[in-house]
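# Structural description and commentary
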Amino acid sequence: MEAPIRATGILGFTLFSLLFFVCRSSPLHNLFISNAERRIDVTSHIVKVYLTLKVENAGTTPTSEVLLAFPPTQVDHLATVEALVTKGKRKKTTLVRLDVKPTELPDAPNGAKYFTIYLANPLNSGESTTLEVLYLFTHSLEPFPAEIGQSESQLVHYRDSALILSPYHIKQQTTFIKTPSTKVESFTRVEPTNRAGTEIKYGPYEDRPPYSFSPILVHFENNSPFPVVEELVREVEISHWGNLQVTEQYTLVHGGARHKGVFSRVDYQSRPTLSGASSLQHLLARLPPRVHSVYYRDEIGNISSSHLRTDSRKSELEIEPRYPLFGGWKATFVIGYGLPLQDFLFESSDDRRYLNFTFGCPLLETVVDKLTVKVVLPEGSKDPSAVVPFPVDQHLETKYSYLDVVGRTVVVMEKKNLVPVQNSHFQVYYTFKPIFMLAEPLMLASAFFLFFVACVAYLHIDLSIRK
Amino acid sequence: MAAPETSTAAVPTLYTNNTLRNAFGGVLSFFILLLIGVMAFSIRLFSVIKYESVIHEFDPYFNYRVTQFLAKNGIYEFWNWFDDRTWYPLGRVIGGTVYPGLTLTAGTIWWLLNSLNIPLSVETVCVFTAPIFSAFASWATFLLTKEVKGTGAGLTAAALLAMVPSYISRSVAGSYDNEAVAIFALIFTFYLYIKTLNTGSLFYATLNSIAYFYMVCSWGGYTFIINLIPMHVLLCIVTGRFSSRLYIAYAPLVVLGTLLAALVPVVGFNAVMTSEHFASFLVFIILHVVAFVYYIKGILSPKMFKVAVTLVVSVGLAVCCAVIAVLIALVASSPTKGWSGRSLSLLDPTYASKYIPIIASVSEHQPPTWPSYFMDINVLAFLVPAGIIACFSPLSDSSSFVVLYIATSVYFSGVMVRLMLVFAPAACITSGIALSQSFDVFTRSIKFQLPGISSSMEVDAVETSSATAEAQNDAVKTEKSEETSKNRPSKKSKKKEKEKEEKPSTKAKAEKRLLALPLDSSVIFLLLLILLGAFYVVHCVWAAAEAYSAPSIVLTSRSHDGLHVFDDFREAYGWLRHNTDVDDKVASWWDYGYQTTAMANRTVIVDNNTWNNTHIATVGTAMSSPEKAAWEIFHSLDVKYVLVVFGGLVGYPSDDINKFLWMVRIGGGVFPHIKEPDYLRDGQYRIDSQATPTMLNCLMYKLSYYRFVETDGKGFDRVRQTEIGKKYFKLTHFEEVFTTHHWMVRIYKLKPPKNRIRGKTKKSKSKTSSASSRGKRSGTGKKNPWQ
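Residues numbered from 1 in each chain as written. Chains lettered and ligands numbered in written order. Predicted model: local features only at pLDDT ≥ 70, side-chain atom pairs only at ≥ 80, totals over all residues. Heavy atoms only, no water.

- The name given to chain B in an unreviewed UniProt entry is dolichyl-diphosphooligosaccharide--protein glycotransferase, and the organism recorded there is Hibiscus sabdariffa.
- Its UniProt record gives chain B a comment under Catalytic activity (unreviewed entry), which states: "a di-trans,poly-cis-dolichyl diphosphooligosaccharide + L-asparaginyl-[protein] = N(4)-(oligosaccharide-(1->4)-N-acetyl-beta-D-glucosaminyl-(1->4)-N-acetyl-beta-D-glucosaminyl)-L-asparaginyl-[protein] + a di-trans,poly-cis-dolichyl diphosphate + H(+)".
- What UniProt states about chain B under its Pathway (unreviewed entry) heading is, verbatim, "Protein modification; protein glycosylation." (UniProt positions renumbered as here; feature names shortened; annotations may be inferred.)

- Under the annotation held in an unreviewed UniProt entry, chain A carries the name Dolichyl-diphosphooligosaccharide--protein glycosyltransferase subunit 1 and is attributed to Hibiscus sabdariffa.
- Per UniProt, chain A carries the Sequence similarities (unreviewed entry) text "Belongs to the OST1 family."
- UniProt annotates chain A under Subcellular location (unreviewed entry) with the comment "Endoplasmic reticulum membrane".

## Thoughts on helix α11 (residues 202–218) of chain B
All names here are of chain B.
- In a regular helix each residue adds 1.5 Å, so 17 residues correspond to 24 Å; α11 covers 24 Å between its end C-alpha atoms and thus fits that length.
- Within the sequence span of α11, burial applies to A205, N208, S209, A211, Y212, M215, V216, C217 and S218.
- Along its buried surface, α11 packs onto α6 (101–115), α10 (178–199), α12 (222–238) and α13 (244–261).
- One side-chain oxygen at the N-terminal end of α11 lies 3.1 Å from the backbone nitrogen of F203; it belongs to S201. (Helix = DSSP H or I, 4+ residues; strand = E, 2+ residues; numbered from the N terminus. Expected span 1.5 Å × (residues − 1). Buried < 20%, exposed > 50% of the residue type's maximum accessible area, 1.4 Å probe, protein only. Contact = heavy atoms within 4.5 Å. Polar contact = N/O pair within 3.5 Å; in protein donor to acceptor, adjacent residues only side chain to side chain.)

## Let's talk about the interface of chain A and chain B
- Between chain A and chain B, the residue contacts involve 26 residues of the former and 29 residues of the latter.
- At the boundary of chain A with chain B, total buried surface from both sides reaches about 2500 Å², with 50% on carbon and sulfur atoms.
- Taken together, chain A and chain B are joined by 5 salt bridges.
- B:E571 is the salt-bridge partner of A:R265, the closest N and O atoms lying 2.8 Å from each other.
- For the pair chain A and chain B, the number of links is 20 residue pairs in polar contact (both at pLDDT 80 or more).
- Elements represented by at least two residues in the side of chain A that touches chain B include exactly α3 (265–270), β21 (301–302) and β24 (330–340) of chain A.
- Here the element with the most residues in the side of chain A that touches chain B is α3(A); it accounts for 4 residues.
- In terms of residue class, the side of chain A that touches chain B is built from 10 nonpolar, 9 polar and 7 charged. (Buried area = accessible area lost by both parts, 1.4 Å probe. Salt bridge = Lys/Arg side-chain N within 4 Å of Asp/Glu carboxyl O. Nonpolar A, V, L, I, M, F, W, Y, C, P; charged D, E, K, R; others polar.)

## Observations concerning unusual backbone geometry
- Cis geometry is adopted by the peptide bond preceding A:P192, which originates at A:E191 and carries an omega value of -5°.
- Relative to the elements of secondary structure, A:P192 occurs in the loop between β12 (184–187) and β13 (193–196).
- The amide bond that connects B:Y88 to the next residue, B:P89, takes the cis arrangement and shows omega of 0°.
- Summarising the element assignment, B:P89 is placed in the loop between β1 (82–83) and β2 (92–93).
- Its identity is not glycine, yet B:S552 carries a phi of approximately 70°, on the positive side.
- In this structure, B:S552 sits in the loop between α27 (519–547) and β3 (555–559).

Here you go:
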């Protein structure tokens, strides 16, 4: 029970820093937030937070940067931050995506981390704008009790602050927490707080100074399985003969409350709703359309429990692990499929080729702790460069595949803590001369030719010592 | 056989005609062989197409695991590999106790492919090793039969072997077992022996020793070779067919072969120490004596020779008696008379069931039934006698070998169903000879009676040219052997006889014309033969597709709503692999040992390499003991999980309850407090309400049927077709941790030992004693073997 202590620590420090910051003036305080509404969705194991901020510039100079602050404990679990701004009036509103980048501030209180939203148009003094911010947390629902039996339902803790942590003054704010069911064991009250159905409402709170913090703890039932891919290696192999082969190696774990004691198949089969309610029974993978030669196996052979549905827009692969995964149970498997190359490989204007492919994990509602994407370029391709919409670790490798001589260049990209929302596309550019496609067939042909020549020679040369 | 009309008239045209025909026949037989290889490979792929590319059954999983180790760690690590994952806490020296041929073969193939940058996995290579080697085996059969009876017989025999069900059963894709390469090695060794015997070439003799070495590496069945070849040599000597070629064929094999065999760690000094090999040494001595006698006979005058014979015989007899006495004393001093249990059960079929229940418990060590002969070799069973007759006309060294081979292998296959595999090639060779000879006879009679089509008969040159090819072979042979053996008058005369038979073809042909059968009957017989062959092909394809392709770790059943897959074994092994600690020990009956180590990567107590009877008996005892005693045994073995296979829910017949009597027998063989009659009611094995209390309280019963009654309310066992005897009970020392989807594998965890609480000891003691009073009673005076 370390977390509550940490939370109170944060509380203490924030109170202290609060006093500290009130007496200090900062250029940040040119902005203030006139209205903030936060909706926290904890129905699945990925916590989705929709934050609507109405930002006003009370200062004298125009500014184009808005800061978001997160406590350090949340930043570790933060998977993605996106910000949108509404453009246009009334009916013709369109949403425009804004740049969001992590920022370091030298005087951050208690290790708070910041993200800067770069506005498209600078906010002049006296003007206001409405920002829609979405951010996702992974591993933020802590099972409590940490171990449950087969027939018990899974209860989790969610920790946050009733007040939005912000470097700005917030005039009015409300927070809603949406739970998966009405079964809520307890929740911290920070008046005014009320609960209606599956929603807990904190607020409205008026006129809170910057860095206000008020820790809350919600203890509720969440019986959805917590599929977590501890490690995923996606290998995309380009063959210029017209095929794109994708191989994905998963290490899957149920990240919910650990299973304790007995697993009884009788109970599991006869009372599926009561017993093993939070067990992970199947997963859905959304694959590109026109997928072919799909396989689903692990190190000991094919896993027969899968279904593939294809239509013209998408393919859906429903897979079941070999056994239902209870909390803490693991499974590894491999999904592989082929795709027509023309859907993904294009020629850019400067005579280079580029692959356009999705970055993330095709499994829905799944958190990936560590993702490695490997793009295996055809033998003989040069100058690879990758364009990824978010920061990743990159390096190059060489792989030897069917009858390679010089080896294939592999672009390796690594990213940690990934959620399905981030399944955006990335591009890998490279140059390739089509003559290299013929290298291997020619090599084979010449090898056979030499073999036959050797045979003919052997048959025509008399090697015997005696005449 | 188109030659006879023109042979006397125009010799030069005949010559050119013949070379052309030979070239044509050579190319044709090359392509036929190629197709036979393709067929041998592809008929074994039903398992991959119908199921998946996966390793089958039990032993192949061990071989697969060893190959994986070899591919990962290299050959030196492999020889020194001490495996601590099996036979806990004893472990097993894998490098020294395994026949490495198969593993090294697959490992080499894998290494070769990977160094050519063809990234096949070890599993893929292992799966396809057996089909590849069956193609090789059919080519070896061609070579062997060609040496015996010519090309036509060779091709027929190769085609028959490529699809003989008996061999398919052990070499479908995925059946990665020693036999897969051993049959090829066996046939190839025999071929090289015959080849050496026919040519007298030391080159082939050396190759023969190397082939024998490969066979020794691959399979324990090499003792068959090292006993069969001496038998044949002895037969040749006794029938007065001794020649220098025989000497060259045999002596290097024994010397080189034994030296090479001793290099294989698992054989080692057994190559000279055990009785299985003594026959070869005895014949080796006899051969030398005979050779010496022939030599002396050659240099002495007949009179002197007689004197020498009397001298030598008297001295030699004395020496022989002394040597034999020493040998017998040596052999008699060992308890099993120097024979291993399996070999003894070959000589005395009732031996195993009397003394070694472990050998008797394996289904493939049982004697076969008549239907299994028909299933495994089908129409060959009818062709074999005809083939044997064909071998006798004329009887040569090589055909006498085939006769001897088939006679011995028929006996062995009658003792052990597993050795049907050795019998199958012999059956294919003799049937190939029979088929080809009868085709020969019928087509010749047809041709004789239809002289007009003789020119168009070239089309079926393969079948008909066999006789000519053979004649030419013999001609070549005689030329060669005349050079090599000039000092052998008796042999020369024999050769001359042969030449008399073969060479003056006109005479022979004149005779053959007289032997021609009536046209209509020969046509009918030909059609019948083709029908017979077609029947064989249909049967083989059926056997390959339906009977022998199931990998046995995945089961399927067809019902009205489509195909249903039972993948419970891998479900359980997968669960063990990912959700137990890496050092946990899993106890199960030994059948599942190899699979558990290979698929679940967990340490097992016993496995399919049944080398330690006591250890297996301990597990058997635990399974047949009541819960508390079993817990104590398992706990002392550091076991954490117990795995049982239970087929009662879905009707899977080869489950642990059906194997249970063997556990009792093997356990009782070492620990006498386990008595088989305690588990039988009036001599009947039953698990219903009439079962004995010992049966209903033993661990195996409890683990199999724990909470089984809750599935249907009655506890109806679909394998035994009865309601179970004891329906509601609780487990006190074990807890269920996993049961697969169809209940076929159930895994239990040993409960941790209870804490001793000072005040409560008395109470808990009385409780446990009352709970397991029955168990105590049955186990009075027993001792836990591991304490």
